[in-house]
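Spelled out, the chains give:
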Amino acid sequence: MHIEHVTLTNFRNYRHLEVSLSPGTIILCGPNAAGKSSFLEALVMLATTRSPRAGAEREVIHWNAPAELGLQPFARIAGRVQRQDGLLVVEVAVQRVLDGQGQVSGRCQKRFLVNRRPVRAREAAGRLQVVLFEPEDLNLITGSPARRRRYLDMALMQSDVRYWQALQRYQRVLLQRNRLLQRWQGKALPAGAREEVAFWNREMVQSGAYLIVARQRLVNMLGPLLEQAHARLAGAPARLEMAYRHHVPCDPGEDTAGVAYAFRRALEEIWPRELDRGMTLLGPHRDDLAFSLAEKDLAVYGSRGQQRTVILALKLAQVEWMRQQSGEWPVVLLDDVLSELDPQRRAYLQGWLLEGRCQVVVTATDLQVFRPILLQQAAVYRVQAGTWEQWEGSASEPS
């Protein structure tokens, strides 16, 4: 698949952008804060319905977006996506809402359309599939467990509608359950407390078990692809393993019902500790992903170069996994990562780009990081303050 056309309105620093994209490699070059990463963020929102960067969704709306024709300030992303099964137009709109006094509040609502028809978020997710590689990912192995969980979630949300639903439900239930535990912490339990927490336990177990099983399945499938990609990158075979570390005492290789049973029993046992701590201590929101190279923990004993090689291999493995799942190549988004790689890995990645397997959008602050042959084949744009200009010598005509 590839993106044919993108329209941005009041998104980040873009007042309005209309751009047609070639199916090959597109290079966006410009200074920091020019709008390069914001464009990739918009594509990720089209694919997953979520921003990979915003802490609050109102952040994606242009700071000076006006209220027009009775509408509150909003941001809109629209993408025309060419897939094997036909052409799709996917749209996401984020709009501020009014409070009880009729004033613009900090809350927003999102709306989704596919081929001009309103749909739910879960129906919009995955129509476009992307793999995002950003500089922060180079710290994936040594960074927080939350980032590694987010990596798994972003991959699965695009390929499994049920996973998307389970994740949304789990997060809502977890919030409610934690509020109860905080309210009851250090106090005598009120009447009906057991029944109330039993209800939330059932809800959490049902969605949480599915998350655990789906994540384990993904890790099992990515493992061989990761090892193959790593062998090509490193130039020497070494046993590389990726393991899903779950806190629920179960075998994730079981079906969902088996994991749910183990999850339910474990929650009953840990209940007194959770009351004491005032928080949920067990579940996929606390799970992690671990990497080992030659049977050594890569986060502890791996060199910086080894860690970065594994992350690059992981992203390339994910591209292949998504192709196997859908039968189509995803769109690859590389956000200023070439400047973070050493010459050997940079050369490998540019060689991969020259193979032209899929549409790739690459950002950079300096064209010097690119090989001349890649610049000749790619469509290159200079980005400045939310505007695009075709670079002379680029492979395609200006849009």
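The structure under discussion appears in the preceding block.
Quick caveat: nothing in here was measured; it's all calculated off a predicted structure.

Asker: How do you make sense of unusual backbone geometry when you look at a structure like this?
Answerer: The phi torsion of most residues other than glycine is negative, and most of the peptide bonds are trans. Although it is not a glycine, Glu295 sits at a positive phi angle of roughly 65°. Assignment of secondary structure puts Glu295 in the loop between strand S10 (288-293) and strand S11 (296-297). Of note, the phi angle at Asp336 is positive, near 55°, even though the residue is not glycine. Secondary-structure assignment places Asp336 in the loop between strand S12 (331-335) and helix H9 (343-354).

Asker: I keep staring at the sheet that holds strand S13 (residues 360-364) and nothing clicks. Help me out?
Answerer: By way of backbone hydrogen bonds, the strands of a sheet pair with one another, either parallel or antiparallel. With mixed pairing, the six strands of this open sheet are ordered in space as S8-S12-S13-S3-S14-S15. Looking along the sheet, the strands with just one partner apiece sit at the ends: strand S8 (130-133) and strand S15 (387-390). Within this sheet the neighbouring strands show an average axis-to-axis angle of 20°, counted without direction. Taken together, the four bridges between strand S14 (residues 379-384) and S15 define a ladder with antiparallel strand orientation. Bridge pairing links Arg382 to Glu389 in S15.

Asker: In this structure, what is going on with the pattern of salt bridges? I would like to understand it.
Answerer: Two side chains that carry opposite charge are able to pair once their charged atoms sit near each other. The final tally for this structure, using the stated rule, is 19 salt bridges. A salt bridge links Asp137 to Arg147; its shortest N-O distance comes to 3.2 Å. Of this pair, Asp137 sits in the loop between S8 and helix H3 (145-157) while Arg147 sits in helix H3, and the two are 10 residues apart along the sequence. With its nearest N and O atoms 2.6 Å apart, the salt bridge here joins Asp288 to Arg148. Of this pair, Asp288 sits in strand S10 while Arg148 is found in helix H3, placing the two residues 140 residues apart along the sequence. A single salt-bridge network, built from bridges that share partners, covers Arg12, Glu41 and Arg53.

Asker: Sorry if this is basic, but what is going on with the packing of H3 against helix H4 (residues 161-184) here?
Answerer: Packed helix pairs are characterised by how far apart their axes lie and by the angle those axes make with each other. Two numbers describe how H3 lies on H4: the axes approach to 8 Å, and their chain directions differ by 135°. Judged on the interaxial angle alone, H4 and H3 are oblique. Taking contact as the criterion, the partners of Asp153, Leu156 and Met157 in H3 are, on H4, Tyr163, Trp164 and Leu167. Residue classes in the contact of H3 with H4 are distributed as five nonpolar, no polar and one charged.

Asker: Sorry if this is basic, but what is going on with the environment of Ala379 here?
Answerer: Topologically, Ala379 is positioned in strand S14. Distance from Ala379 to Pro23, taken between C-alpha atoms, is 9.6 Å for residues 356 residues apart in sequence.

Asker: Sorry if this is basic, but what is going on with the packing of aromatic side chains here?
Answerer: The geometry of an aromatic ring pair comes down to the distance between the two centres and the angle between the two planes. Tallied over the full model, the rule gives four aromatic pairs. Ring centres of Trp184 and Trp271 lie 6.4 Å apart, and the angle between their planes is 80°; on these two criteria the pair is classed as edge-to-face. With Trp184 in helix H4 and Trp271 in helix H6 (residues 256-277), this pair connects stretches of sequence that are 87 residues apart. The burial state of Trp184 is the same as that of Trp271; both residues are buried. Centre to centre, the rings of Phe199 and Trp200 are 5.0 Å apart; their planes meet at 70°, and the pair counts as edge-to-face.

Asker: Looking at this structure, how should I read the nonpolar core?
Answerer: Proteins that are soluble and globular tend to have nonpolar side chains buried together. If you look at the biggest cluster of nonpolar residues, it comprises 137 residues, and the most contacted ones within it are Phe39, Phe370 and Trp388. Sort the elements by how many residues they give to this core and helix H5 (residues 193-234) lands first, with 18 residues. Here Phe39 is in contact with Val6, Leu8, Tyr14, Leu17, Val19, Leu21, Leu28 and Trp388, once residues within four sequence places are set aside.

Thresholds, definitions, all that
Residues numbered from 1 in each chain as written. Predicted model: local features only at pLDDT ≥ 70, side-chain atom pairs only at ≥ 80, totals over all residues. Heavy atoms only, no water. Helix = DSSP H or I, 4+ residues; strand = E, 2+ residues; numbered from the N terminus. Pairing = 2+ DSSP bridges. Axes fitted to C-alpha atoms, helices over the stretch in contact; angles between N-to-C directions. Salt bridge = Lys/Arg side-chain N within 4 Å of Asp/Glu carboxyl O. Parallel < 35°, antiparallel > 145°, perpendicular 65-115°, else oblique. Contact = heavy atoms within 4.5 Å. Nonpolar A, V, L, I, M, F, W, Y, C, P; charged D, E, K, R; others polar. Phe/Tyr/Trp six-rings, centres within 6.5 Å; stacked < 30°, edge-to-face > 60°. Buried < 20%, exposed > 50% of the residue type's maximum accessible area, 1.4 Å probe, protein only. Core = buried A, V, L, I, M, F, W, Y, C linked by side-chain atoms within 4.5 Å.

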